[in-house]
Amino acid sequence: NIKLIAILIKIKLWKKMKNNILFILVTIFTSTKIFGHCQVPCGIYDDASRIVQIKEHFITIKKAMLKIDELSLKDDALSSNQLSRWVQTKEDHSSIIQRLVSDYFLTQRIKETHPYYLEQITLLQRLLVVAMNCKQTLENKNVEKGIDLLNLFSNSYFDSKGLEHLKNFMTK
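Residues numbered from 1 in each chain as written. Predicted model: local features only at pLDDT ≥ 70, side-chain atom pairs only at ≥ 80, totals over all residues. Heavy atoms only, no water.

### Here's the deal with the pattern of salt bridges
Here comes step 1: Counted under the stated rule, the structure contains four salt bridges.
Here comes step 2: The partner of Lys 67 in a salt bridge is Glu 70, with the nearest N and O atoms 3.3 Å apart. Separated by three residues within a single helix, Lys 67 and Glu 70 lie in helix H2 (residues 47-71), roughly one turn from each other.
Here comes step 3: A relative accessible area of 24% places Lys 67 in the partly exposed class.
Here comes step 4: Residue classification places Glu 70 among the partly exposed residues on the basis of a relative accessible area of 38%.
Here comes step 5: Here Lys 141 and Glu 139 are joined by a salt bridge, their closest N and O atoms 3.4 Å apart.
Here comes step 6: Residue classification places Glu 139 among the partly exposed positions, given a relative accessible area of 37%. (Salt bridge = Lys/Arg side-chain N within 4 Å of Asp/Glu carboxyl O. Helix = DSSP H or I, 4+ residues; strand = E, 2+ residues; numbered from the N terminus. Buried < 20%, exposed > 50% of the residue type's maximum accessible area, 1.4 Å probe, protein only.)

Right, here's the structure in full:
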């Protein structure tokens, strides 16, 4: 009876452990796909590339707005299909900007001790709102405003060496 009880306890423990191991593996293998950056204090940052990515997303949003305007004048099935895809593209790229701003810059990079802290968080908050406005409208002025805010943020965030790196990065 004692051996049987020991076997049953081991089986019960294995089932609990198996679920925990499965949960840990799923978490490990999906977490890097869900988040743009690890949010672990790894020290691996490339702020200039994030700025370039945000700018590229704004440019994609602008193209999507133009295509939506163009395709909305047509009434064939292919145009309707493409129209819905461009609307989704605009939504996706706006959301990516919001995630980069909040998950990367606001959460990990902006420090309260920086002399331009209030200016930086204000500019980033305004970028979040502009990205939301890009979702809600087809007004190119939102894209232009987003790029202008991004440039203002870059100037307050980077020192002269960082700005030079950003400039070189953008010309690659």
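### Quick look at the packing of H2 against helix H3 (residues 77-109)
For any two helices packed against each other, the geometry comes down to the angle between their axes and how far apart the axes lie.
Here comes step 1: Remark: H2 packs on H3, axes separated minimally by 9 Å, with the N-to-C direction vectors making an angle of 155°. Relative to H3, the element H2 lies roughly antiparallel. Where H2 crosses over H3, the handedness of that crossing is left-handed.
Here comes step 2: Each residue belonging to the contact of H2 with H3 can be placed in one class, and the counts come to 17 nonpolar, eight polar and six charged. (Axes fitted to C-alpha atoms, helices over the stretch in contact; angles between N-to-C directions. Parallel < 35°, antiparallel > 145°, perpendicular 65-115°, else oblique. Left-handed = near helix turned anticlockwise from the far one by under 90°. Nonpolar A, V, L, I, M, F, W, Y, C, P; charged D, E, K, R; others polar.)

### Concerning H3
Here comes step 1: Here H3 is 33 residues long and its end C-alpha atoms lie 46 Å apart, about the 48 Å a rise of 1.5 Å per residue gives.
Here comes step 2: Burial in H3 covers these residues: Ser 79, Trp 86, Lys 90, His 93, Ser 94, Ile 97, Gln 98, Leu 100, Val 101, Tyr 104, Phe 105 and Gln 108.
Here comes step 3: Considering only its buried residues, H3 is in contact with H2, helix H4 (117-136) and helix H5 (140-157).
Here comes step 4: For H3, the side-chain oxygen to backbone nitrogen distance between the N-cap and Leu 78 is 3.4 Å, and the N-cap itself is Asp 76. (Expected span 1.5 Å × (residues − 1). Contact = heavy atoms within 4.5 Å. Polar contact = N/O pair within 3.5 Å; in protein donor to acceptor, adjacent residues only side chain to side chain.)

### Some points on the side chain of Ser 49
Here comes step 1: By the secondary structure assignment, Ser 49 is in helix H2.
Here comes step 2: Separated by 3.3 Å, the side chains of Ser 49 and Arg 50 make a polar contact.

### Remarks on the side chain of Gln 108
Here comes step 1: Counting through the fold element by element, Gln 108 comes out in helix H3.
Here comes step 2: Only 3.0 Å separates the side chain of Gln 108 from the backbone oxygen of Asp 103, close enough to count as a polar contact.

### Notes on the nonpolar core
Here comes step 1: Ranked by internal contacts, the top residues of the largest apolar core, which has 27 residues, are Ile 54, Phe 58, Phe 105 and Phe 153.
Here comes step 2: Breaking this core down by element, the ones donating at least two residues are H2, H3, H4 and H5.
Here comes step 3: In terms of residue count, H2 provides more of this core than any other element does, seven residues in total.
Here comes step 4: Excluding anything up to four places from it in sequence, Phe 153 contacts Ile 51, Phe 105, Ile 110, Gln 120, Leu 123 and Leu 124. (Core = buried A, V, L, I, M, F, W, Y, C linked by side-chain atoms within 4.5 Å.)

### Some words on the packing of aromatic side chains
Here comes step 1: Counted by the stated rule, this structure contains five aromatic pairs.
Here comes step 2: Between Phe 105 and Tyr 157, the aromatic rings sit 5.6 Å apart at their centres with planes inclined by 90°, giving edge-to-face as the arrangement. Pair noted here: Phe 105 is in helix H3 and Tyr 157 is in helix H5, with a separation of 52 residues, a long-range link. A single burial state applies to Phe 105 and to Tyr 157, both of which are buried.
Here comes step 3: When the centroid spacing of 5.1 Å and the interplanar angle of 25° are considered together, the rings of Phe 153 and Tyr 157 count as stacked. Here Tyr 157 and Phe 153 lie together in helix H5, a separation of four residues that amounts to about one turn. Across the pair, Tyr 157 and Phe 153 agree in class, each one buried.
Here comes step 4: By way of ring pairs, the aromatic residues Tyr 104, Phe 105, Phe 153, Tyr 157 and Phe 158 are connected into one cluster.
Here comes step 5: The positively charged end of Arg 50 is found above the aromatic ring belonging to Tyr 104, 4.4 Å away from the centroid. (Phe/Tyr/Trp six-rings, centres within 6.5 Å; stacked < 30°, edge-to-face > 60°. Lys NZ or Arg CZ within 6 Å of the ring centre and 35° of its normal.)

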